[in-house]
Amino acid sequence: MNGTDHRVEAGPPGTTADRPPGARTCSPGELDALAAELAASLGDRVRRAAPAGPLTTYRVGGPIGVLVRVGEPGHVEALADAVGHHDPPLLVIGRGSNLLVSDEGFAGLAVVLDGRFSEVDAGRDDGIVTAGGAVPLPMLARRAAAAGRGGLEFYVGIPGTVGGAVRMNAGGHGRETREVLVRAWVADLRSGGGARPLDPAALGLGYRSSILGPSAIVLGAELATEPCRPDTCEARLAEIVRWRRDHQPGGANAGSVFRNPPGDSAGRLIDACGLKGLRRGGAFVSPKHANFIQADDDATAADVVAVVRAVRAAVADATGVDLEPELRLVGFGADGVPGGEGAGG
Ligand SMILES: Cc1cc2nc3c(=O)[nH]c(=O)nc-3n(C[C@H](O)[C@H](O)[C@H](O)COP(=O)(O)OP(=O)(O)OC[C@H]3O[C@@H](n4cnc5c(N)ncnc54)[C@H](O)[C@@H]3O)c2cc1C
């Protein structure tokens, strides 16, 4: 596939240092060859040109070159072998609740976890809850609460997966992933696919960020909890769900689009600039929460990006603050909104 210089610097597997940013794509023939090799070992877990829409909460985006569902460690190793042979751009997709895939799609290999990576164990004597990378965060919060394990309630309002939460250091309601994470099990698709345990310091968890790069897959996590009466935990869950319903819009969106600038809130700045309701095609700034951009049923990814760009430019003009997207942009290439992941995921 397209040759690319990708010097490996010291650090945990699959860190952002493992290849330079920028658009890399595979040709259709290269994707066919990759899909064929993977199908030989993973069968109908492999799909060619699956639409991105159903894989993301924005429900937009073009075809995914090769999509593979992996359900056990052996699948990850098979995937790593194929990655070694073909060197495609990589993208791990959780619930797609922080992703915008371009209308042209992603000309590389995307991975979704399921099977054994969907399991939760909230019954350990040491109070540590283990969860596979594919586990939906609201389900994790509810399973822990039902088992009398508190501290993970904040996840009930975040519609991502455990893997996505580790990668993004997801948080809310006064807590974030690095405060509860004991260790994550991370495989590197460019280094054989074996899982390694990494603690929060090794993952470099910061504000909605980590040092994990596109070739790193979070297969599972161990999370610290404290004892909590199930009815007390359930009341906290209900309170958080109520707050979300009151303050955030429904429909197709990906949560907060921009990171909060130091000492301020992106939503407050956008609102103060009078941008609620700003529309481009089928996408618009939510009238309910200014840092959410919503997509109508007929919206395109280009519409969403047009709103991102318009908001960013208007806020910069009015306040001098350059808002940085938290939303991960996939397949937009070098001229995508800065902060995006380019075609390299
Ligand atoms: C209504 C709504 C409310 C939200 N509220 C919050 C909030 O309060 N706080 C918050 O932090 N976020 C919030 N989000 C954003 C989003 O849910 C989080 O960023 C979440 O962590 C993303 O998880 P995901 O599984 O959907 O990841 P995706 O969106 O699929 O991917 C996001 C990034 O994580 C990577 N990734 C996903 N899974 C894995 C894995 N297993 N291994 C390695 N990398 C992986 C992807 O490659 C990508 O870079 C909200 C989103 C919505 C739609």
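Before going into details, it helps to say that this report is about the structure given with it. (Residues numbered from 1 in each chain as written. Predicted model: local features only at pLDDT ≥ 70, side-chain atom pairs only at ≥ 80, totals over all residues. Heavy atoms only, no water.)

1. Considerations on the environment of Pro287
What counts here: Secondary structure is summarised from DSSP: a helix means a run of H or I of at least four residues, a strand means a run of E of at least two, and numbering begins at the N terminus for each. Contact criterion: two residues are considered in contact whenever any of their non-hydrogen atoms come within 4.5 Å of each other.
One can find Pro287 in the loop between β16 (283-285) and β17 (293-295). When near neighbours in sequence (up to four residues on either side) are disregarded, Pro287 contacts Lys276 and Gln294.

2. A look at the nonpolar core
Buried together is how nonpolar side chains tend to be arranged in soluble globular proteins. For the record, the criterion: To define a nonpolar core, start from buried Ala, Val, Leu, Ile, Met, Phe, Trp, Tyr and Cys residues and group those joined through side-chain atoms within 4.5 Å. The cut-offs for exposure are 20% and 50% of the maximum accessible area for each residue type, with area from a 1.4 Å probe on protein chains only; residues under the lower value are buried, those over the upper are exposed, and the others partly exposed.
Core analysis: the largest hydrophobic core is formed by 35 residues, its most contacted members being Leu140, Tyr155 and Leu203. Ranked by residue count, the leading element in this core is helix α3 (residues 137-146), at five residues. Excluding residues that lie within four positions of it along the chain, Leu140 makes contacts with Val120, Val129, Ala131, Val135, Leu152, Tyr155, Val162 and Leu223. Core analysis: the next-biggest nonpolar cluster, separate from the first, contains 30 residues, Tyr58, Leu269, Ala299 and Ala310 among them.

3. Quick look at the sheet that holds strand β7 (residues 128-132)
For clarity, the cut-off: For two strands to be treated as a pair, DSSP must find at least two bridges joining them.
Spatial strand order, β6-β7-β13-β11-β12: five strands in an open sheet with antiparallel pairing. In the strand order of this sheet, the two ends are held by β6 (120-121) and β12 (195-198), each with one partner. Where strand β11 (residues 181-188) meets strand β13 (residues 216-224), seven bridges bridge the pair, whose relative direction is antiparallel. For Arg183, the partnering residue across the bridge sits in β13 and is Glu222.

4. Some remarks on the site of the ligand
Operational definition: We call a residue near a molecule or strand when any one of its heavy atoms sits within 4 Å of it. By the criterion applied in these results, polar contacts are pairs of N or O atoms within 3.5 Å in which, for protein atoms, one can donate a hydrogen and the other can accept it, and in which residues neighboring in sequence qualify only through two side-chain atoms. Residue ranges for the domains trace back to a domain assignment, done automatically or taken from a database.
Near the ligand there are 32 residues, and of these Val92, Ser97, Asn98, Thr161 and Gly171 occur at the shortest range. Within the backbone of Gly94, a nitrogen or oxygen atom sits 2.7 Å from an oxygen atom of the ligand. Residue Asn98 places a main-chain N or O atom 2.7 Å away from an oxygen atom belonging to the ligand. Contributions of two or more residues to the shell around the ligand are made by β3 (90-93), α4 (162-168) and β13. Among the elements that line the shell around the ligand, the one with the most residues is α4, at five residues. Two domains share the shell around the ligand, each providing at least three of its residues, namely domain 1 (28-115) and domain 2 (119-246).

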